[in-house]
Amino acid sequence: MTVDAIFTQTSRDETLPESRMLGLAYYGDNIISGSCGLISFLKDNPEFDIERLSEGRFLVVASTARKSIIKVDDLAQNTVFVYRSNGYWAISNSLLTLVYRLKKDGVPIKFYRPGVLSFFAGNQSMWGGQPLSLNTLIEGVSILPAGCHLEITKNHAGTPVLKQIEPAPKDLDESNYAERLVQWVRRARMRLEAMAAHGVEFNVGVSGGMDSRLNLGLVNALRDPTLPVRLRSDKSKSQDLPIAEQLAAHYGLKLKGFPDRGWGSSDTEDAYALWQRAYLGVYLPAQTPHGLSPEQSRYILHGGNFKDRSYRRHGVDKRARILSRAFTSQDDGKLVADEFKEFFLQRDIDPSTSLAMDQHYVDTRSRFHTGVHWFGEYTSPLMTPHLSSELFSLYRGLSSEAQNAEQLLYDMLYILDPDLTNIPFDTPDKFFSHRVRASCPFSGRVDSVGDVPEPRIYGAFEQPESPSEHKTLRESVSQRFRDDAQYFLPELKRFGIASERIGEVRAHLEAGGRVRQMPLASLAVTLGVYAEAASESLPDISLCGSS
């Protein structure tokens, strides 16, 4: 399978990687789209330092004669995996692709026990759905931390040398909060307007929650019926739907999004391999692709965020204790607790601070839950306005109390449309408190458009030439997943998974249930595929409450 979005580079490669860019980057008043956009932008700005790119949802490889820089957006919506040992190194934006390359190069593939255990330390979703640290389930393979980038240079002998570059320290800027927030809102709106004017269509996900409401406010200015913006909601969620309908009615709109599109090849095996290369070993919920050519002209405006209220409910020590209780073996429980805590050592973060769990969320859960950007291009491409390093900086400047009370979100909604702060949410605990309302630095109507230069777009948002039968492809790929899951499911017994639970998953598979609702089946496929590639057997695990 050859997909342009996947790249791999090792110390044995004689040439530096080819320059490319996946996704969207924002720099000042510029929107840079894809490799063509990057080339055009650098032509106009030949002295530009690629390291300065931080905002957007992108992966960029920029190479000159003797140096390459590999960088993703600062909140890591793309991921680079790194292996180093005895002078040999290899990198890729696909863990499975990296493992196959290591095996080809004669590197023994061994399981990292704490990394495997991590997938059993929860319900294979919020916890247990992705790694607990910057380590993976494969020994020696790590995840490039958010904010860092890689640099490949050639030494005097012409040998490629890999360096990880840490982000430059930044003082926390707590000044001009209101002014900076208004500027962020204005720029975000202008980007959407500019892209809409260039033919991009937006499906705005609306729910009863908090994060999607910001996106609704951002597109309020695009309600001209001639512009390509529509609202959509998951109608199977009974708590969400009434609120989503109320929000749509507030703007005189209906919940009728653009239909999904799939493009290009409809080869089931290639599409299934694409999913495996994107998610196996790093994220369990299975999301099958629509096609094998990226979609560039229709985006879902998504509420992906750099924080989650339930995720930060417990501090580091308490969360570690909860994770350890999943195992009957005290040794395994301690391994998992230590693995979780190791993240904060890896990132040099004080685990007692209020922001510790937020940074863990960005570097583990968020980067895979709303990340793996290159794969999203083949399914339902996302735009995630919340996942902005500038917003994260504004959030970090608030007090812990204001962070927990969603002060930043309230202030943004107030700028966009004060009415959005009063429409109920799906649960009462999400309603904004009197203290938050009183602390808002704005009063009356705020000019959320203002004097912001129109963005310049580098690159194009082109539709592929012809549609494929994406529904048929998605069904065939889902069936391919079910077949593999049925094959590997019995192996879960050796990990202490109860026969009754395995039977429930098997029945769900046979009934043709949604693959996203089968993380345990995805875990079976994950462990099975890596076991076939590994040089050793999977470790034995004993779980609590599984007999």
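What counts, and where the lines are drawn
- Residues numbered from 1 in each chain as written.
- Predicted model: local features only at pLDDT ≥ 70, side-chain atom pairs only at ≥ 80, totals over all residues.
- Heavy atoms only, no water.
- Helix = DSSP H or I, 4+ residues; strand = E, 2+ residues; numbered from the N terminus.
- Buried < 20%, exposed > 50% of the residue type's maximum accessible area, 1.4 Å probe, protein only.
- Polar contact = N/O pair within 3.5 Å; in protein donor to acceptor, adjacent residues only side chain to side chain.
- Contact = heavy atoms within 4.5 Å.
- 1 Å grid on protein atoms, 1.4 Å probe; cavity = no way out; pocket = protein on both sides within 12 Å on 5 of 7 lines; lining within 4 Å.
- Points joined across faces, edges and corners; volume = space filled by probe spheres on them.
- Nonpolar A, V, L, I, M, F, W, Y, C, P; charged D, E, K, R; others polar.
- pLDDT = per-residue confidence, 0-100.
- Pairing = 2+ DSSP bridges.
- Axes fitted to C-alpha atoms, helices over the stretch in contact; angles between N-to-C directions.
- Core = buried A, V, L, I, M, F, W, Y, C linked by side-chain atoms within 4.5 Å.
- Phe/Tyr/Trp six-rings, centres within 6.5 Å; stacked < 30°, edge-to-face > 60°.
- Lys NZ or Arg CZ within 6 Å of the ring centre and 35° of its normal.

Novice: Looking at this model, I keep getting lost on the side chain of Arg347. Mind explaining?
Specialist: Tracing the chain through its elements places Arg347 in the loop between helix 9 (330-346) and helix 10 (356-369). Taking the relative accessible area as the measure of exposure, Arg347 reaches 17% and is therefore buried. Of the polar contacts made by the side chain of Arg347, one reaches the backbone oxygen of Ala146; its length is 3.2 Å. Not counting chain neighbours up to four residues away, the residues in contact with Arg347 comprise Leu134, Pro145, Ala146, Gln359 and Asp363.

Novice: Teacher, can you tell me more about empty space enclosed by the protein here?
Specialist: Unfilled space is identified by rolling a water-sized probe across the atoms. For the coordinates displayed, the defined rule picks out five cavities of 30 Å³ or more. For the largest cavity, the calculated volume is near 230 Å³. Along the walls of the largest cavity sit 19 residues, with Tyr26, Arg191, Met383, Thr384 and Pro385 positioned nearest its centre. Secondary structure elements with two or more residues in the lining of the largest cavity: strand 2 (20-27), strand 4 (55-63), helix 4 (177-197) and strand 14 (382-383). Per element, the largest residue contribution to the lining of the largest cavity is four residues, and it comes from helix 4. Among the residues forming the lining of the largest cavity, the class breakdown is 11 nonpolar, four polar and four charged.

Novice: What is the right way to read the layout of surface pockets from this model?
Specialist: Taken as a whole, the second largest pocket spans an internal volume of roughly 1200 Å³. Lining the second largest pocket are 38 residues, and of these Pro167, Ala168, Lys170, Gln359 and Arg396 lie nearest its centre. Taken together, the elements giving at least two residues each to the lining of the second largest pocket come down to strand 10 (160-165), helix 10 and helix 12 (389-396). Residues belonging to the lining of the second largest pocket are distributed by class as follows: 14 nonpolar, nine polar and 15 charged.

Novice: Whenever I open this one, the confidence of the model for the protein chain confuses me. Can you help?
Specialist: Low-confidence regions, as indicated by low pLDDT, have predicted coordinates that should not be scrutinised in detail. In this model, the protein chain carries a mean pLDDT of 87, and residues with pLDDT of at least 70 account for 90%. Contacts for the low-pLDDT stretch residues 465-469, under 50 throughout, to residues beyond four places or in other chains number nine contacts.

Novice: Looking at this structure, how should I read the sheet that holds strand 1 (residues 8-10)?
Specialist: Think of a sheet as strands paired side by side through backbone hydrogen bonds, with each pair either parallel or antiparallel. In spatial order, the strands read 1-7-6-8; together these four strands make up an open sheet with antiparallel pairing. At either margin of the open sheet sits one strand with a lone partner, and together these are strand 1 and strand 8 (141-143). For this sheet the average axis-to-axis angle between neighbouring strands, irrespective of direction, equals 20°. Sheet strands touched by helix 2 (residues 95-104): strand 1, strand 6 (81-85), strand 7 (88-92) and strand 8. Its angle to strand 7, the strand with the most contacts, is close to 150°.

Novice: Any chance you could explain the nonpolar core here in plain terms?
Specialist: Proteins that are soluble and globular tend to have nonpolar side chains buried together. Counting 83 residues, the largest nonpolar core has Trp374 and Phe481 as its most contacted members. Ranked by residue count, the leading element in this core is helix 18 (residues 519-533), at nine residues. Every residue in contact with Phe481, bar those within four places of it in the chain, is listed here: Tyr272, Trp275, Ala286, Leu509, Val515, Met518, Ala521, Ser522 and Val525. Counting residues in each nonpolar core, the second largest holds 64 residues, with Ala194, Val206, Met412 and Leu420 among its members.

Novice: Mind showing me how you'd approach the side chain of Thr136 here?
Specialist: Summarising the element assignment, Thr136 is placed in the loop between helix 3 (113-118) and strand 8. For Thr136, a relative accessible area of 1% corresponds to the buried category. In terms of polar contacts, Thr136 uses its side chain to reach the backbone amide nitrogen of Ile138, at 3.2 Å. Here the side chain of Thr136 touches Val141 through a polar contact of 2.9 Å, landing on its backbone oxygen. Excluding its chain neighbours within four sequence positions, the residues that come into contact with Thr136 are Phe81, Leu95, Tyr112, Gly115, Val141 and Ile143.

Novice: Even after reading the chapter, I still don't get the packing of aromatic side chains, so can you show me in this structure?
Specialist: Within a pair of aromatic rings, the relevant descriptors are the distance that separates the centres and the angle that separates the planes. In the structure shown here, the tally under the stated rule is 21 aromatic pairs. Residues Phe41 and Tyr458 carry aromatic rings whose centres are separated by 5.3 Å and whose planes lie at 85° to one another, so their mutual orientation is edge-to-face. Linking Phe41 in helix 1 (residues 34-44) with Tyr458 in strand 15 (residues 456-458), this pair joins segments that are 417 residues apart in sequence. The pair formed by Phe41 and Tyr458 is uniform in burial state, with each residue classed as buried. An angle of 85° between the planes, with centres 5.5 Å apart, marks the rings of Phe340 and Phe344 as edge-to-face. With Phe340 and Phe344 both in helix 9 and four residues apart, this pair spans about one turn of that helix. Take Phe344: its relative accessible area is 3%, and that puts it in the buried class. An aromatic cluster is built from Trp127, Tyr311, Phe340, Phe343, Phe344 and Tyr361, whose rings are joined through pairwise contacts. One Lys or Arg, Arg213, reaches over the ring of Phe425 and ends 3.9 Å from the middle of that ring.

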